[in-house]
Structure formats: structure tokens, C-alpha cells
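Here's the letter readout for the chains.
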Amino acid sequence: MNTKRKTNEEAIIALNSTYDYIIVGAGSAGCVLANRLSEDLGSSVLIVEAGGSENENDIMHIPITAGGLQKTKQDWAFRTVPQKNALKGLKDKRSAQARGRVLGGSSSINYMVYMRGSRHDFDGWEQEGAEGWSYKDILPYFIKSEDIQIPTLKDSPYHGKGGPLTVSDGTATPLSDVYRRGLEKQGYSVVDCNGKSQIGFCHAQETIRNGERWSTAKAFLRPAMNRPNLHVAVNSYVTKILIEKKKAVGISLVRDNLKHVIKARKEVIISAGAFNSPQILMLSGIGPKSHLQSLGISLIADLPVGENLEDHLNVLLLFRDNTTSSFQQLALSVFQYLAFKSGPMTKSHLESHAFLKEDGSLLPYMQMSFYSVLSMPSIAYDFTKIINWDPKITEGVYKAYADFISNGGSFFTANILLHPKSRGTVRLQSTDPFDPPLITVFLGRRVRKLANTESFRSIGASPSDPYEEYYPPCNELPYPSEEYWVCRIKHYAFNVWHPTSTCRMGALDDHTAVFDPQLRVKGIQNLRVVDASVMRHVTSGNTNAPTIMIAEKAADMIRGIDSVKDIRKRIINL
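This is a predicted model, so every value here is computed, not measured.

## Some remarks on the side chain of Lys522
Along the polypeptide, Lys522 turns up in the loop between strand S23 (494–495) and strand S24 (527–529). Buried and without a salt bridge, Lys522 has Asp510 as its closest oppositely charged side chain, separated by 5.8 Å.

Okay, here's the thing in C-alpha cells:
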């Protein structure tokens, strides 16, 4: 199979010595910035990406293959440092941290879920000092980006039409209706999770267009790549921000084994993600004083860079299904996709979500995501790679899955704790910019109530017996007991690749903030960071859509314009 397309970024061979704007990282935020800043043909823009083209990987565009993109050339494939009291069932007690190293960044390797978060997330940001980031302030930027293709939502004032980012219906199997009825029996209504209220059940909304992944590279960067004022440098590794007299003046990068210095007339904008952005800042002398001094790095600004890493925590559960509706790759589905761009491979199959909250709370505490994929035995090997399971359990899981599907179908639920209290950190391993950063992470029974609903019983759905699922050593404990679930979480819960807040924004007098609400680095002129690292707190749900919104809003800040004033007037009462 060869789905490679002609690219034009490779034609950009010679770089200018100076640009108005330099964007470091062509990921979910960087691609948006490149498009919006280069709309001003009087400003020259360079975007620098450490990885290559998204067209270099034949399967990257196929939605169902998202799980096959980890640990490829397009993945930074970070690992956390070993943990003492968590990740005990993972190899070396280290969690996999997939991050996109490719045009489009993590939007090119993620599961394409379009989830904005709760309106109360953003109101909370503003209440903590992030002025201008309330829900009423940011909603117009979500709408600006979007081109909603779901018929039932096309007339919704919460959604946009004609934007670059296509959002389509993620419903893939009849199980989606089963999930809906199960949640309704639990008292949760069907909602638009990107609409008025997030609490309840919703069918998935996905960044997929005409059966293909619609990353920010496709949606934002490629339509702008023929502009004469935009240059794209792939396979170019930024090693340092150049700072003179507290002012960012350019970057140093390595390309084709040669060092280059590129200067910026107006701004350097770091959009390298929640792990790489703090790494680049610290290598450049911006970060915690004691940490930088311990490595012999000259301090330029003593700021809490790399602190406050927030992420979501996930526990997978496997359910029975006697309808065998879940996806399994068959020759017919491959033919449908290759011949017609149709069939089950055009969906991610992460087809439904539910957000649950406690009484008296505004924010949801849990997201349940329903993954309608059959637990084929080979998935044991996929999970070993994706999650970094200890290989010692792989064969046991393989046999358990084989036994499991011999009696019918199955599907998974991802049970995601949205707002853990603990925080992690990002630190430098050394002064070598090519060494990966040191990532330290932190460390539910409500999902099981679903098994007792009439809807789930009608398809024979029940959580698999832990002895069948094979999660040693927890199988030896009484089930279901608090002791069992504590063991299960300590051994097999893992971060779900939504890292944020490692360089968070805040008020000027906030000692926990690296930036002001304009995303300008405190004490350094002409330097901003625009990506998920600036989030005040992790949002309630998948983080790709909020990251795109942040870039849309930042582009207006940088250009000094208000591109959404008409949208704002239209939705003033939402």
C-alpha cells in the first residue's frame, strides 16, 4: 500500500537569515500559528519542525490505524522516569509518552477526538488570574476554526461552519446506541459535549475529513504553504533560543548535521509541546534557578518552567458483547477503504464518551470513552508497545484475550480521571539538547454500574472477570474489593497522553506562572510560548481542540487584531 502524496516542504532548501516570526514546532498549535501569522503577507514567517512530513508514513492518514503510530519515526516516544509507587505493571515502571514528531505534531498521531473541555475549565483559568481566557472569551476561537459536518449540529450556535478544521461524526457501530441507553439508565442525558453542557453522554466528534485524519498539518499548514512569506523547515532541530539583553533575537538549530543561526525581527514563538517547550526554555537559561545552576547553565530568568505537569489518568476495562459489533480488521474493510475511502476504517472507533460529575461540583471528575474494537489476541502486543506494559504479562494477556473472544465479542472503556491532585515535572537530563527530558508523573468503580443496566445486559455486556483479564499480581486479591482496585490502579493505570501546564500562564504577580495572559515569557521581550504547556490546568477531556483554540487566540494577540468580533456578537448570550 502506498498513499504517499507529493509534498512541497522539501522544496524549501535555503532558509533566510532573518524572519519576522520564528515558530518552533509545527504541531497542533504551530501549524495554526503559521497559517494565521502568514495571512499578513507583509510579515515573513519561519516554522521549524524536528520531524518530517506526515506523508512519509503510509498509514498515518487512515483513522483506524492510530494505535499503530506509537514508537514510529513520527513519535518522540518519550518515557517517564521510573516510579516508586505507581506504574508497577509497566516495563521498568515507566509510562509511555507518545508525542508527535512530524508536521501536525500530536494531531498527526492522536485518536482524532475533538473535545473542547468544560466551560468551567476556562472560567476557572480566568478566576486564577488568566485574564481574557474565560469561556466567553475563548468560545469564538473554537467556532472560528471549525467546519462542523454533523447534520444534527450544523445549526448549533456553539459550532462553526467553513473553518479549516473539519469535525465529523465518530459513530462507527451499533454499540454506540447501547452505550447511550446504558448511560441514560444511569441518569445521564444525551448532550453535545462541545455545547452548552458537557455533563452526560455524547457521540464522538472527530477531526476526520472524507475518511482521512484531518490534522493541523492538513487543515492549517498545507493550505498556506504556497504563500511566499511562509517557509517550512522540516528535520530541523532547535537547540537554543538566542537571548540578548533579556530579548529573544533568534534561534540556533541543527539541520543536515549543520548548525544554523536564524534571527527574528519581531518574535520567537515556542510551540514544541508540554515536554519539549520547557526543555528548550531551560536549555536557553529560562527555568528554575537551582536546576539550571546544577547543570552549569547560565541563568537568564528564574521561572517555574517544567513545574505543574498535569495529565489525565486512565484505567482500561474490557466488556463482553455477544453481538460481535466491534471492529475487527477484515479483508472487506481493507478493500472498502483502499477502493472507496469508505467502511469501518474511516473511523477511529473511539465512538462515544460520557462525562460524570459529583453532586455540587461544576467540573466532571471522570470521562468514559468507549472504544468499539474487538480484543483480538494480537492487541496484547499492541498494548505492550503503546502503554509500555511489562513484556512478562504479554503472553498471559494474549491467552486471556483469545479465551475471551472465543465466547463472543468485546469492547473497551477508557475510564479517565480528569483532575488528579498530584503534579509531575519536566527536567533536563543534561545540557545536550538531543537528550530527552526527564518526565516525572503522578499518580473507579462507577463504570461497573453500567454492567447492570438493561441496555448492557441485552448484549451480554459485563466487565470481564479480573482472573480472565490477567492483571497479576492483582488477580490474587479478593474481587471486587478496595484492595483489588488499588492494586489495579497502582500497576496498570497510565497517563493518557494529555500533558499540559508545564509552563502555565497566570497573573504577573503569580509565582507559579511562567507567562502573562498574553503568553509572553515574564521578563523576556519578544518571546512567547503557544501550546498545551500554557494551560492553567488540564481541561476536562482530550486536549487537542483546546490547543488549537489557544493558537487561534494567540495569533490575534500577536497580530493585534480581533478576528472573531462578529462571532462574539452572534453568541453573546451563550
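So much for the structure itself; the text now carries on.
## Observations regarding the packing of aromatic side chains
Here the structure, examined in full by the defined rule, presents 19 aromatic pairs. An angle of 25° between the planes, with centres 4.3 Å apart, marks the rings of Tyr237 and Phe434 as stacked. Here Tyr237, found in strand S12 (residues 236–244), pairs with Phe434, found in the loop between strand S21 (425–427) and strand S22 (438–440); they are 197 residues apart in sequence, far enough to count as distant. On the basis of relative accessible area, Phe434 is assigned to the partly exposed category, the value being 45%. For the ring pair Phe383 and Trp389, a centre distance of 5.4 Å and an interplane angle of 85° mean the geometry is edge-to-face. By the burial criterion, Phe383 is buried, and Trp389 matches it. A cation over an aromatic ring shows up here: Arg209 above the ring of Trp214, its NZ or CZ 5.1 Å from the ring centre. Over the ring of Trp133 we find Lys553; its NZ or CZ atom is 5.2 Å from the centre of that ring.

## As for the sheet that holds strand S8 (residues 205–206)
Paired through backbone hydrogen bonds, the strands of a sheet run either parallel or antiparallel to each other. Pairing is mixed in the open sheet, where three strands are placed in the order S5-S6-S8. Either end of the sheet is taken by a strand with one partner, and the two such strands are strand S5 (146–148) and S8. Summarising the sheet, S5 and strand S6 (residues 165–169) pair through three bridges and their orientation is parallel. In the strand pairing of S6, Ile148 is matched with Val167. Across the sheet, helix H3 (residues 135–145) is in contact with S5 and S6; its angle to S5 comes to roughly 60°.

## Concerning the state of the cysteines
For the coordinates displayed, the defined rule picks out two disulfides. Paired by a disulfide, Cys193 and Cys202 hold their sulfur atoms 2.1 Å apart. Across the disulfide from Cys193 to Cys202, rotation about the S-S bond amounts to roughly -100°, and the bridge is consequently left-handed. Residue classification places Cys193 among the buried residues on the basis of a relative accessible area of 2%. Here Cys474 pairs with Cys487 through a disulfide, and the sulfurs are 2.2 Å apart. Its S-S torsion of about -85° marks the bond between Cys474 and Cys487 as left-handed, since a negative value means left-handed.

## Some details on helix H9 (residues 379–387)
Every buried residue of H9 is listed here: Ile379, Ala380, Phe383, Thr384, Ile386 and Ile387. Residues of H9 that are buried in the fold lie against strand S4 (96–97), strand S17 (313–321), helix H10 (394–405), strand S20 (409–417) and S23. Just downstream of H9 lies Asn388, where phi reads positive at about 75°.

## A short note on the environment of Pro288
Note that Pro288 resides in the loop between strand S15 (286–287) and helix H7 (289–294). Taking C-alpha positions, Pro288 is 8.3 Å from Gly306, a pair spaced 18 residues apart along the chain. Beyond its immediate sequence surroundings of up to four residues, Pro288 is in contact with Met282, Asp302, Leu303, Val305, Glu307 and Arg427.

## Some words on the nonpolar core
Within the largest apolar cluster, 168 residues are counted, with the highest numbers of intra-cluster contacts made by Trp133, Ile286, Trp389 and Leu527. Element by element, the count of residues in this core is highest for helix H14 (residues 544–559), at nine residues. Each residue touching Trp389, except ones within four places of it in the same chain, is listed here: Gly89, Leu90, Lys91, Ala380, Phe383, Thr384, Val397, Tyr401, Tyr471 and Tyr492.

## Regarding the confidence of the model for the protein chain
For any part of a model where pLDDT is low, the fine detail of the predicted coordinates should not be relied upon. When pLDDT is averaged along the protein chain, the result is 91; 93% of the residues meet or exceed 70. This stretch, residues 1–8, has a pLDDT under 50; its non-local contacts, to residues over four places away or in other chains, come to 21 contacts.

## Section: unusual backbone geometry
Residue Pro473 follows Pro472 across a cis peptide bond; omega there is 0°. Relative to the helices and strands, Pro473 is located in the loop between helix H12 (466–469) and helix H13 (482–492). We note that Lys246 has phi near 65°; this positive angle belongs to a residue other than glycine. Looking at the element boundaries, Lys246 is found in the loop between S12 and strand S13 (247–255).

## Here we look at the pattern of salt bridges
If the charged atoms of two oppositely charged side chains come close together, the side chains can form a pair. One pass over the full model with this rule turns up 23 salt bridges. In this structure, Arg559 engages Glu39 in a salt bridge whose closest nitrogen and oxygen atoms are separated by 2.9 Å. For Arg559, a relative accessible area of 27% corresponds to the partly exposed category. For Glu39, a relative accessible area of 35% gives the class partly exposed.

## What to know about empty space enclosed by the protein
When its volume is computed, the largest cavity comes out at roughly 50 Å³. Along the walls of the largest cavity sit Val315, Leu316, Ile387, Trp389, Tyr471, Arg488, Tyr492 and Phe494, which together make up its complete lining. Secondary structure elements with two or more residues in the lining of the largest cavity: S17 and H13. Grouping the amino acids of the lining of the largest cavity by side-chain chemistry returns seven nonpolar, no polar and one charged.

## Here's the deal with the sheet that holds S20
Strand order in the open sheet formed by six strands is S7-S18-S19-S20-S17-S23, and the pairing between neighbours is antiparallel. Looking at strand neighbours, the two that pair on one side only are strand S7 (200–203) and S23, the edges of this open sheet. When S7 meets strand S18 (residues 350–356), the two strands line up antiparallel, connected through four bridges. In the sheet register, Cys202 faces S18, and the bridge partner there is His353. Strands S7, S17, S18, strand S19 (366–371) and S20 of the sheet are contacted by helix H4 (residues 175–185), whose axis makes an angle of about 10° with S18. Helix-sheet contacts for H13 involve S17 and S23, and the interaxial angle to S17 is about 115°.

Thresholds, definitions, all that
Residues numbered from 1 in each chain as written. Predicted model: local features only at pLDDT ≥ 70, side-chain atom pairs only at ≥ 80, totals over all residues. Heavy atoms only, no water. Helix = DSSP H or I, 4+ residues; strand = E, 2+ residues; numbered from the N terminus. Buried < 20%, exposed > 50% of the residue type's maximum accessible area, 1.4 Å probe, protein only. Lys, Arg positive; Asp, Glu negative; His and termini not counted. Salt bridge = Lys/Arg side-chain N within 4 Å of Asp/Glu carboxyl O. Phe/Tyr/Trp six-rings, centres within 6.5 Å; stacked < 30°, edge-to-face > 60°. Lys NZ or Arg CZ within 6 Å of the ring centre and 35° of its normal. Pairing = 2+ DSSP bridges. Contact = heavy atoms within 4.5 Å. Axes fitted to C-alpha atoms, helices over the stretch in contact; angles between N-to-C directions. Disulfide = S-S within 2.5 Å. Core = buried A, V, L, I, M, F, W, Y, C linked by side-chain atoms within 4.5 Å. pLDDT = per-residue confidence, 0-100. 1 Å grid on protein atoms, 1.4 Å probe; cavity = no way out; pocket = protein on both sides within 12 Å on 5 of 7 lines; lining within 4 Å. Points joined across faces, edges and corners; volume = space filled by probe spheres on them. Nonpolar A, V, L, I, M, F, W, Y, C, P; charged D, E, K, R; others polar.

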